[in-house]
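What the coordinates show
Residue-level listing of the chains:
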Amino acid sequence: MSGRASRVRLRLLETSDLHMFVHDYDYYQDRQDNTVGLAKVATLIAAARAEAANTLLFDNGDIIQGNPLGDYMALSGHLSAARGHPMIRAMNRLGYDAATIGNHEFNYGLEFLDAVLGGAAFPFVCANIETAAGASFLPPTTVLERDLVDEDGTVHRLRIGVIGLVTPQIMIWDKARLEGRITAGDIVDAAARHVPALRQGCDLVLALCHAGISDAPRRGGEENAALHLAAVPGIDAIFAGHAHRVFPGPDYAALAGVDCARGTLGGVPAVMPGFWGSHLGMIDLMLERDAAPAAAMSAWRVADFHVEVRPIYRRAGRDALPLAAADPAVLADVTPEHQATLRWMEQPVGRSTVPINTFFSLLGNDAALTLVNDAQAWYARPLLAATGHADLPLLSAASPFKAGGAGPDSFVDIPAGPLDMKDMANLYMFANTICALKVSGIELHEWLERSCAVFNQIDPADPSPQELAAPRAASYLFDTIAGLTYEIDLSQPARYDRDGVLVRPDARRIVALAHQGRAVLPQDSFIVVTNNYRADGGGAFPGTGGGHLVLQAPDLNRDVIVRYVMQHPEVTPVPAPIWRFRLLGRQVTLAFNGTAETERHLSRQPGVTRLGDGTGGFIRYGLRLG
Ligand code: MN
Ligand code: MG
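Residues numbered from 1 in each chain as written. Chains lettered and ligands numbered in written order. Predicted model: local features only at pLDDT ≥ 70, side-chain atom pairs only at ≥ 80, totals over all residues. Heavy atoms only, no water.

The next subject is helix α1 (residues 38–50). With 13 residues, α1 extends 18 Å between its outermost C-alpha atoms, agreeing within 8% with the 18 Å of an ideal straight helix rising 1.5 Å per residue. Residues of α1 that are buried: Leu-38, Ala-39, Lys-40, Val-41, Ala-42, Leu-44, Ile-45 and Ala-48. (Helix = DSSP H or I, 4+ residues; strand = E, 2+ residues; numbered from the N terminus. Expected span 1.5 Å × (residues − 1). Buried < 20%, exposed > 50% of the residue type's maximum accessible area, 1.4 Å probe, protein only.)

Now the structure itself:
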């Protein structure tokens, strides 16, 4: 070997936020799903390994929670030391080299987490969590010694340092389980403490960072610290996650210091592979070392790199077309627990003393919304203590997702009695997460006006049935805000159109808006719990958007409803008297669509009678107002 440099190509693979999706299966819809599953990623992993002489595989956390399989395994008696946890079993099979933990690893408590991680054949690292006694909760770093083949076929032993980091907000989100037992520190500070020593003894330093990407100015304790982490000297590549986004890609295009085409954060190669197994993350490093024999000490440097994410499916209209088959061996490993979960999902998780249906959602009588709002407020109240807004009145907003808009089958119709997991999916079909917003009285008023865009204007002088809403009205844009009382005056035109544009500044449908019997004043402040869709501006509601956010919780609204139902012996979501239509002086009939089943519930909705058959399988009903 003369003066020629050695060149080693090293391919680094990442999964993140798998959330218990091993099977390509949607547990709530109870059907195969092309958009999820480690079994599908396994096929991409095999292909990526076949293309490269040297590969390492990492996971970035949020593995043990997030679907019914995770809940099933966490129930007492379902995790055995002999069989181990199915997620870890699948990961052992795939030969992971190292992993870090995500915030959701703490959702089932520390004892369960210890038992799960005990079965791993690879190291878990995390540098920013300590026990109450001041010891590191997990090893902060690990050093992987790997024999890598260079371009000439020569083998070089490299020392690859790996540090793990997790968003410190676990202390807020799982406070009840963690307080007094562990503490979580700042991601960047922890890296700054550990990376220099790791750098000293290693040829390469990799950061597994269970955090997303944000360019908000550094204040310390950031949840999404992956970009700030890049400023710590000595890190060769960053594996991000937690935000359930894809990087490189357009999601972070507007951020300073982020190269969305090349895939760098502050110049450091970085990747984020979506969520639930949607993508495999890949960073190819070209490592070079000069031939000078004296330079034996850690002279490898990153000469070039390539960052890529490979999806398991592609969208074609409404379809998700598979780009990877599920690996049958990975499926088979986990199938016993998968099947047991499907059986378990048919068991009751709780019970309701009243029927829960959405036949009268647009009349203000909706037990489903009552249950959603009860659960959202129950969950958010303790979390708001950490935001400094616990003293403000807490309200909860929810809209009916299934109120007949997609046809006569698209109503919630759950009888009184046991509630199972499929009922929960029926109640809340979207994978939204809980958010809370700080909203002024005037914004609250506008929020409700925008909600009322769903209704037609009613002529008080016309005694014949008048259509309450458009035939396929987007009921998910009709928010009811629990904690308030108000009336809706349908004789007025809508102040907002159906896209949320203020079209009639003189029109007002919301009247008598009050909180605990007192009129809401423009300058009042409230906290409104909702979902990330609405909070991020979905439906263009006044009072929403980034500037209003005070809480971005990690949990799905649906999971919160499940927990709420599980933790109460029974629930009684009687529709609260939040709002009603203002009487218009003359009697009018508001016509709306229902089904044959609607008729069984007429005793719960005074003033409604059957008008006759409708089109498309609907039956027409009318509410007499006045
Ligand atoms: Mn996650
Ligand atoms: Mg996370």
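Here the narrative resumes, following the displayed structure.
We now examine the coordination of the manganese ion (ligand 1). At this site the manganese ion (ligand 1) is bound by Asp-17 (OD), His-19 (NE2), Asp-62 (OD) and His-244 (NE2), with donor distances of 2.1 to 2.2 Å. If you list the donors of the manganese ion (ligand 1) from N- to C-terminus, the spacing comes out as D-x1-H-x42-D-x181-H. Separating the manganese ion (ligand 1) from the magnesium ion (ligand 2) is a gap of 3.3 Å, bridged by Asp-62, which donates to each. Within this pair, whereas His-19 is found in the loop between β1 (6–15) and β2 (25–26), its partner His-244 is found in the loop between β11 (237–239) and β12 (246–247), the two being separated by 225 residues in sequence. Under the relative-accessibility criterion, His-244 is labelled partly exposed at 27%. (Donors = N, O, S within 2.8 Å, 3.2 Å for Na, K, Ca; no water.)

On to the packing of helix α10 (residues 367–384) against helix α14 (residues 557–566). Interaxial distance between α10 and α14 falls to 9 Å at its minimum, and their mutual angle equals 90°. One element, α10, and the other, α14, form an angle in the roughly perpendicular class. When α10 is examined against α14, the residues Leu-371, Val-372, Asp-374, Ala-375, Gln-376, Trp-378 and Tyr-379 are found in contact with a partner set consisting of Asn-557, Val-560, Ile-561, Arg-563, Tyr-564 and Val-565. (Axes fitted to C-alpha atoms, helices over the stretch in contact; angles between N-to-C directions. Parallel < 35°, antiparallel > 145°, perpendicular 65-115°, else oblique. Contact = heavy atoms within 4.5 Å.)

Right, let's talk about the sheet that holds strand β5 (residues 98–99) for a bit. Think of a sheet as strands paired side by side through backbone hydrogen bonds, with each pair either parallel or antiparallel. Spatially, 5 strands are ordered β5-β4-β1-β16-β17 in an open sheet, and the strand pairing comes out mixed. Edge positions in the sheet fall to β5 and β17 (301–311), since each of these pairs with one other strand and no more. Where β1 meets strand β4 (residues 55–59), 5 bridges bridge the pair, whose relative direction is parallel. Among the inter-strand pairings, Glu-14 is bridged to a residue of β4, identified as Phe-58. (Pairing = 2+ DSSP bridges.)

Okay, the domain arrangement of the protein chain next. Taken domain by domain, the protein chain consists of domain 1 (6–338) and domain 2 (347–625). The gap between the C-alpha centroids of domain 1 and domain 2 is 39 Å. Among the residues domain 1 hides against domain 2, the three largest losses belong to Tyr-28, Ile-172 and Trp-173. Together they make up 48% of the total. Our count for the domain 1 to domain 2 interface comes out at 1 salt bridge. Among the salt bridges present, the one from Asp-30 reaches Lys-422, with a minimum N-O distance of 3.4 Å. Here domain 1 is connected to domain 2 by 3 residue pairs in polar contact (both at pLDDT 80 or more). (Domains from an automatic or database assignment. Buried area = accessible area lost by both parts, 1.4 Å probe. Salt bridge = Lys/Arg side-chain N within 4 Å of Asp/Glu carboxyl O. Polar contact = N/O pair within 3.5 Å; in protein donor to acceptor, adjacent residues only side chain to side chain.)

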